[in-house]
Amino acid sequence: MMKIPFSPPFIDKHVIDEVVDTLQSNWITTGPKVKQLELEMTKLTKTQAAVCVNSWSSGACLTLKWFGLKEGDEVILPAYTYCATALSVIHCGAKPVIVDILDDLTIDPEEVKKAITPRTKAIIAVDIAGLPCNYGALRSIIQSPEVKKLFNPETEKQWRLGRILLIADAAHSIGAKVDGLPASLQSDISIFSFHAVKNLTTAEGGCVCLNLPCHFNIEEEYRFLKVFSLNGQNKDAFTKNNGGGWRYDVLYAGLKINMPDICAAIGLAQIRQYENFLFELRKIIAHRYNDAFKNRDWYIQPILSDKKRESSYHIFPLRIINVSEQQRDSIIQRIMDKGIVVNVHFIPLPMLSIFKSLGYLMEDCPNAYLQYSCEISLPIYPQLKGEEINFIINTVIEEVEREFEMEKISNPAYLTKNYEKSI
Ligand SMILES: *Cc1c(COP(=O)(O)O)cnc(C)c1O
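Residues numbered from 1 in each chain as written. Predicted model: local features only at pLDDT ≥ 70, side-chain atom pairs only at ≥ 80, totals over all residues. Heavy atoms only, no water.

**Side note on the domain arrangement of the protein**
Per the domain assignment, the segments of the protein are domain 1 (13-271) and domain 2 (282-418). Distance from the C-alpha centre of domain 1 to the C-alpha centre of domain 2: 29 Å. With 39 residues of domain 1 in contact, the opposing surface of domain 2 contributes 29 residues. Summing the contributions of domain 1 and of domain 2, the shared interface buries around 2,700 Å²; its carbon and sulfur component is 60%. Between domain 1 and domain 2 we count two salt bridges in total. (Domains from an automatic or database assignment. Contact = heavy atoms within 4.5 Å. Buried area = accessible area lost by both parts, 1.4 Å probe. Salt bridge = Lys/Arg side-chain N within 4 Å of Asp/Glu carboxyl O.)

In structure tokens, the structure reads:
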């Protein structure tokens, strides 16, 4: 039987050589490889500066602390995301304000607008599956005079920005584009994840990329973020080890979230092949899926690209018209039984115990629930072979249509009834 994992890491000779090079260099934690990966990230994203850290989650905490988030502040984010998006806000003592999504799975700018209060300090927009959000709409909301008037700056950074901070949760969207340019140019700060299942990995890792207005001194902000990510210590171990002097100072109550060189080495070997190779292979697979399903009447086409945007093809979110959550689950079970590991992105935040206990209600984000209940994420990664892709396509078609056959037998009115609903 064919066995197809969901998202194995891409490890080739270049990755192994780069890691071995680090091991033999006598320096394995933050040092020259991290510096090189940061440089590559600024090139790929065309941003002003990149700060590598040990996860998306820690990068988000760092960003929110940099902006001075504290108890009583609010951050608006979508229900349809991974828990980390909201947990980073909670870790700063602030309150996540959870809003609904559009049919393309990204945050609904109208819902964002309605959720803004004088306590709103930031928005975290999630480029779900790799598709950039509607940043144009989000920017015009936060830059509009009436919303700017509501903004209540309390720290030096907040005064300097003078409006709500727009953060991109770019955990999925490395390589995604808006108007032919990197999507990172659409927000103030983009945070990437290099977790093992992401498009580009360092096993665990993340990166904060700056695209701040011109009245910020980027070199200063970069230095602050680097120092804050290493206990607030003004001299890192690499500098001290290489004769930079033993005496140091601790400037802030910083975090300890720096990325080690041994991890950066993996990402460095991948990023050199990213745009022309790894990204292109993902794109080809996404289009093969889309072409195979697009004539099926149960298929809801995901946006891979439109007039403005191009996805990074991180997740292939298959959606099926009008299946219930239970039917979706049984389709998944039968696909898994055939050896294909699939997933669901995401269980909306209000369905998770921690957010339920904080009083968030699924009824407040009905579209997030609808999208979740009909979604199945298919395997998509560069190592997938043609025969595996064909096997996935055939199995998915067979199992989805089997579900509809079973439904038709037990309830003949079902298909026509649901069909009307979908138009
Ligand atoms: C993976 C992921 C994160 C968290 O990334 P880590 O590097 O594991 O902290 C955050 N947001 C989204 C949307 C993700 O998929």
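**Side note on the packing of aromatic side chains**
Using the criterion set out here, one finds 17 aromatic pairs in the structure. The residue whose ring lies beneath lysine 177 is phenylalanine 279, and the NZ or CZ to ring-centre distance is 5.5 Å. (Phe/Tyr/Trp six-rings, centres within 6.5 Å; stacked < 30°, edge-to-face > 60°. Lys NZ or Arg CZ within 6 Å of the ring centre and 35° of its normal.)

**Concerning the side chain of threonine 47**
The residue threonine 47 is located in the loop between helix H2 (32-45) and strand E1 (49-53) in this model. Take threonine 47: its relative accessible area is 9%, and that puts it in the buried class. Here threonine 47 is in contact with Thr42, Ser184, Cys209, Leu210 and Asn211, once residues within four sequence places are set aside. (Helix = DSSP H or I, 4+ residues; strand = E, 2+ residues; numbered from the N terminus. Buried < 20%, exposed > 50% of the residue type's maximum accessible area, 1.4 Å probe, protein only.)

**So, H2**
A rise of 1.5 Å per residue sets the reference length of H2, with its 14 residues, at 20 Å; its end C-alpha atoms lie 20 Å apart and thus fit the reference within 8%. If you check which residues of H2 are buried, you get Lys33, Val34, Leu37, Glu38, Met41, Thr42, Leu44 and Thr45. Looking at the residues trailing H2, positive phi occurs at lysine 46, about 55°. (Expected span 1.5 Å × (residues − 1).)

**Thoughts on the environment of glycine 68**
The residue glycine 68 is located in the loop between helix H3 (56-66) and strand E2 (74-78) in this model. For glycine 68 and valine 227, which are 159 residues apart along the polypeptide, the C-alpha to C-alpha distance reads 16 Å. When neighbours within four sequence positions are excluded, glycine 68 is seen to be in contact with Asp73, Thr155 and Gln158.

**What to know about the site of the ligand**
Around the ligand sit 16 residues in total, of which Trp56, Ser57, His172, Ser193 and Lys198 are the nearest. At a separation of 2.8 Å, an oxygen atom of the ligand approaches a polar backbone atom of tryptophan 56. Between the ligand and the protein, one listed contact pairs an oxygen atom with a side-chain N or O atom of serine 193 at 2.7 Å. In isolation the ligand exposes 390 Å². Once the protein is present, 92% of that is buried. Looking at the shell around the ligand, the elements that each hand over two or more residues are H3 and helix H4 (84-91). Taken together, the residues of the shell around the ligand sort by class into six nonpolar, eight polar and two charged. (Near = heavy atom within 4 Å. Polar contact = N/O pair within 3.5 Å; in protein donor to acceptor, adjacent residues only side chain to side chain. Areas by Shrake-Rupley, 256 points an atom, 1.4 Å probe, with all protein chains shown as cover. Nonpolar A, V, L, I, M, F, W, Y, C, P; charged D, E, K, R; others polar.)

**A short note on the pattern of salt bridges**
Counted according to the given criterion, the structure contains 30 salt bridges. A salt bridge links arginine 160 to glutamate 156; the nearest nitrogen and oxygen atoms lie 2.7 Å apart. Taken together, the residues arginine 160 and glutamate 156, both in helix H8 (residues 156-161) and four residues apart, mark about one turn of the helix. Judged by relative accessible area, arginine 160 falls into the partly exposed class, the value being 35%. Residue glutamate 221 is joined to lysine 157 by a salt bridge in which the shortest nitrogen-to-oxygen separation is 3.1 Å. A residue pair is termed long-range when its members are at least 10 positions apart, and glutamate 221 in helix H9 (residues 218-228) and lysine 157 in helix H8 qualify at 64 residues. A single burial state applies to glutamate 221 and to lysine 157, both of which are buried. Through salt bridges with shared partners, a single ionic network connects Arg334, Lys338, Glu398, Glu399, Arg402 and Glu403.

**A look at the sheet that holds strand E4 (residues 120-126)**
On the basis of which strands lie adjacent, the open sheet formed by seven strands has the order E1-E9-E8-E5-E4-E2-E3 and mixed pairing. Here the strands that pair on one side only, and so sit at the sheet edges, are E1 and strand E3 (95-99). If you compare each strand with its neighbour and ignore which way they point, the axes differ by 20° on average. Sheet topology note: the E1/strand E9 (residues 206-210) ladder contains five bridges and is antiparallel. Along E9, the bridge assignment pairs alanine 50 with cysteine 209. (Pairing = 2+ DSSP bridges. Axes fitted to C-alpha atoms, helices over the stretch in contact; angles between N-to-C directions.)

**Some points on the nonpolar core**
General note: in soluble globular proteins, nonpolar side chains tend to be found buried as a group. Grouped together as the largest cluster of nonpolar side chains are 126 residues, with contacts concentrated most on Phe194, Tyr289, Phe293, Trp298, Phe316, Leu318 and Leu378. For leucine 318, the contacting residues outside a window of four places in its chain are Phe293, Trp298, Tyr299, Cys374, Glu375, Ile376, Leu378 and Val396. With five residues, the next largest nonpolar core counts Val15, Val19, Ala265 and Ile266 among its residues. (Core = buried A, V, L, I, M, F, W, Y, C linked by side-chain atoms within 4.5 Å.)

**Looking at the sheet that holds strand E10 (residues 299-300)**
Adjacent strands of a sheet pair through backbone hydrogen bonds, lying either parallel or antiparallel. Strand order in the open sheet formed by three strands is E10-E12-E13, with antiparallel pairing between adjacent strands. Both outer strands of the open sheet, E10 and strand E13 (375-378), are each paired with one neighbouring strand and no more.

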